[in-house]
Amino acid sequence: MQMHDLEKIFADKIATEIKIEPRDWMPDAYRKTLVRQISQHAHSEVVGMLPEGNWITRAPSLKRKAILLAKIQDEAGHGLYLYSAAETLGVSREETINELHNGKAKYSSIFNYPTLTWADIGAIGWLVDGAAIMNQVMLCRTSYGPYARAMVRICKEESFHQRQGFDILYTLSKGSDDQKTMCQDAINRWWWPSLMMFGPKDADSPHTDQSMKWKIKRMTNDELRQRFVDMIAEQVKVLGMVLPDPKLTWNDERKHYDFGEIDWAEFWQVVKGYGPCNKQRIATRKNAWDNGAWVREAALAHAQKRKSRTDTHPSQNAAAA
Ligand code: FAQ
């Protein structure tokens, strides 16, 4: 088949909402964009376990501890689905993880902030998972099949995560004065970094335009951020708390909330590796990778042993078939 035929089949599939699958022909740049986005997304899920992991031993009750453990385990699962989706594009798990460790691949800026109090776990669930879902619901309709299918399951779990976060803050907001102060303080610290999760303004985003044309992204960074602000500006009233933005006001003409300017210098500083916890996060991940070497070796040896057993015993092959 000629190149222009392949390009036409690809373009027609995108236009008619037929998913692109791993064996389909796709432009190199489409593949590259997906590998970049999906692997960075996977890294975010795995690095995202660390700020919350910090509170497993200090959760205020057995019930909260069990819920937090389950949530963090879910994030590990999301990382695995996403690393697998990236593998369908021809990159190995080792390659993508290596790029995280050597600083070539990014992960979400949000996970470079510290979790100072228990209320931060509530704020992560409510705001960080809330922002993640806002972005990920549209990714359920992304044009690459394995990514879209992974997102459907991830979104179901993330919406549980957001509710548990809101529940933590709701409990604190109805508690003692100290608990109320802790709740407001966490909201103050996590609000602006949560808005940064959606990425740079559309005008400064090098990838959005092409990703929208390929239907990898179905909404722009600014559109999603606005939806998030509109949602949270209402939910915060239920908590009886406020968002730390004096410019946050309902605009009746736009039918949206107006909000203040994000500190983009801080955003880029964190993205480039100079946030409060960047070094610590990567060091922890590298350490976990090194300490897990024996598990990978044992699993590989086990798989090889099984394979050589079935290869040398045709009767077992027949039984397996
Ligand atoms: N942090 O042109 P754009 C979660 C980079 S999952 C760091 O707008 P694009 C679950 C961007 O990569 C959260 N870097 O790029 C959880 C690009 O750099 P590059 C993660 C950022 O790809 C909850 C450059 O800036 N979610 O939270 C950030 O079109 C709780 C230019 O940007 C996803 O990854 C940032 N915030 O749009 C886990 C969703 N923003 O690659 C545990 C999938 C931008 O050229 C606990 N990803 N950059 O070197 C996406 O939707 C997109 O990749 C965007 C960025 C929207 C993040």
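A few points on the structure. Bear in mind the structure is a predicted one, so any value in this text is a computation, not a measurement.

**Observations concerning the side chain of Asn221**
Okay, step 1: One can find Asn221 in helix H10 (residues 221-239).
Okay, step 2: Those residues in contact with Asn221, other than ones at most four positions away along the chain, are Phe198, Gly199, Pro200, Asp202, Ser205 and Thr208.

**Details of the packing of helix H7 (residues 145-173) against helix H8 (residues 177-196)**
Okay, step 1: The N-to-C vectors of H7 and H8 enclose an angle of 140°; their axes lie 7 Å apart at closest approach. When the interaxial angle is binned, H7 and H8 end up oblique. Counting all contacts with H7, which are made through Leu169, Leu172 and Ser173, the residues of H8 involved are Gln179, Lys180, Met182, Cys183 and Ile187.

**Section: the nonpolar core**
Okay, step 1: Counting residues in hydrophobic clusters, the biggest one holds 75 residues, and the most contacted among them are Tyr30, Ile38, Trp126, Tyr144, Trp190, Trp191 and Phe228.
Okay, step 2: With twelve residues, helix H6 (residues 118-139) is the largest single contributor of residues to this core.
Okay, step 3: When residues no more than four places from it in sequence are discounted, the contact partners of Trp126 are Gln162, Gly165, Phe166, Leu169, Ile187, Ile232, Gln235, Val236 and Leu239.

**Considering the site of the ligand**
Okay, step 1: In the region of the ligand, 36 residues are neighbours, and Lys106, Ser205, His207, Lys217 and Asn221 sit closest.
Okay, step 2: Arg36 places a polar side-chain atom, nitrogen or oxygen, 2.9 Å from an oxygen atom of the ligand.
Okay, step 3: Contact distances for the ligand include 2.8 Å between an oxygen atom and a side-chain N or O atom of Asn221.
Okay, step 4: Contact with the protein chains covers 92% of the free accessible surface of the ligand, which is 1,100 Å².

**Considering the pattern of salt bridges**
Okay, step 1: In total, this model carries 20 salt bridges according to the counting rule given.
Okay, step 2: Measuring nitrogen to oxygen at the nearest pair gives 3.0 Å for the salt bridge that ties Glu17 to Lys215. Here Glu17 is found in the loop between helix H1 (3-15) and helix H2 (28-47), whereas its partner Lys215 is found in the loop between helix H9 (208-213) and H10, with 198 residues between them in sequence.
Okay, step 3: Glu17 sits in the partly exposed class, given a relative accessible area of 43%.

**Regarding unusual backbone geometry**
Okay, step 1: The phi dihedral of Glu17 is positive, around 65°, even though this residue is not glycine.
Okay, step 2: Positioned with a positive phi, Lys255 is a non-glycine residue whose angle comes to about 60°.
Okay, step 3: Among the secondary structure elements, Lys255 is positioned in the loop between strand E1 (249-251) and strand E2 (256-258).

**Observations concerning the packing of aromatic side chains**
Okay, step 1: Counted according to the given criterion, the structure contains twelve aromatic pairs.
Okay, step 2: Pairing Tyr30 with Trp214 gives two aromatic rings, centres 5.6 Å apart and planes at 85°, and the pair type is edge-to-face. Of this pair, Tyr30 sits in helix H2 while Trp214 sits in the loop between H9 and H10, placing them 184 residues apart in sequence. Accessibility classification places Tyr30 together with Trp214 in one group, the buried group.
Okay, step 3: Here the aromatic rings of Phe166 and Tyr170 are separated by 6.3 Å at their centres, their planes lie at 25°, and the arrangement is stacked. Here Tyr170 and Phe166 lie together in helix H7, a separation of four residues that amounts to about one turn.
Okay, step 4: Three or more aromatic residues joined by ring pairs form one cluster here, namely Phe10, Trp25, Tyr30 and Trp214.
Okay, step 5: Sitting over the face of the ring of Trp55, Arg58 holds its NZ or CZ atom 4.2 Å from the ring centroid.
Okay, step 6: The positively charged end of Arg296 is found above the aromatic ring belonging to Trp289, 3.5 Å away from the centroid.

**A word on helix H11 (residues 264-274)**
Okay, step 1: Buried residues of H11: Trp264, Phe267 and Val270, and no others. Down the axis, H11 shows its buried residues gathered within 125° of arc, on one side only. Looking at H11, the residues exposed on the side facing more than 90 degrees away from the buried face are Ala265, Lys272 and Tyr274.
Okay, step 2: Structurally, H11 contributes buried residues whose contacts are with H8, H10 and helix H12 (278-291).
Okay, step 3: Where H11 begins, one side-chain oxygen reaches toward the backbone nitrogen of Ala265, 3.2 Å away; that side chain belongs to Asp263.

**Details of H6**
Okay, step 1: With 22 residues, H6 extends 31 Å from end C-alpha to end C-alpha; this agrees with the ideal 32 Å at 1.5 Å per step.
Okay, step 2: The largest bend in H6 comes to about 35°, at Ile124.
Okay, step 3: Most of H6 sits out of view: 20 of its 22 residues are buried.

Rules used in this analysis
- Residues numbered from 1 in each chain as written.
- Predicted model: local features only at pLDDT ≥ 70, side-chain atom pairs only at ≥ 80, totals over all residues.
- Heavy atoms only, no water.
- Helix = DSSP H or I, 4+ residues; strand = E, 2+ residues; numbered from the N terminus.
- Contact = heavy atoms within 4.5 Å.
- Axes fitted to C-alpha atoms, helices over the stretch in contact; angles between N-to-C directions.
- Parallel < 35°, antiparallel > 145°, perpendicular 65-115°, else oblique.
- Core = buried A, V, L, I, M, F, W, Y, C linked by side-chain atoms within 4.5 Å.
- Buried < 20%, exposed > 50% of the residue type's maximum accessible area, 1.4 Å probe, protein only.
- Near = heavy atom within 4 Å.
- Polar contact = N/O pair within 3.5 Å; in protein donor to acceptor, adjacent residues only side chain to side chain.
- Areas by Shrake-Rupley, 256 points an atom, 1.4 Å probe, with all protein chains shown as cover.
- Salt bridge = Lys/Arg side-chain N within 4 Å of Asp/Glu carboxyl O.
- Phe/Tyr/Trp six-rings, centres within 6.5 Å; stacked < 30°, edge-to-face > 60°.
- Lys NZ or Arg CZ within 6 Å of the ring centre and 35° of its normal.
- Arc of directions from axis to C-beta.
- Expected span 1.5 Å × (residues − 1).
- Bend = angle between axes of the 7 residues up to and from the residue.

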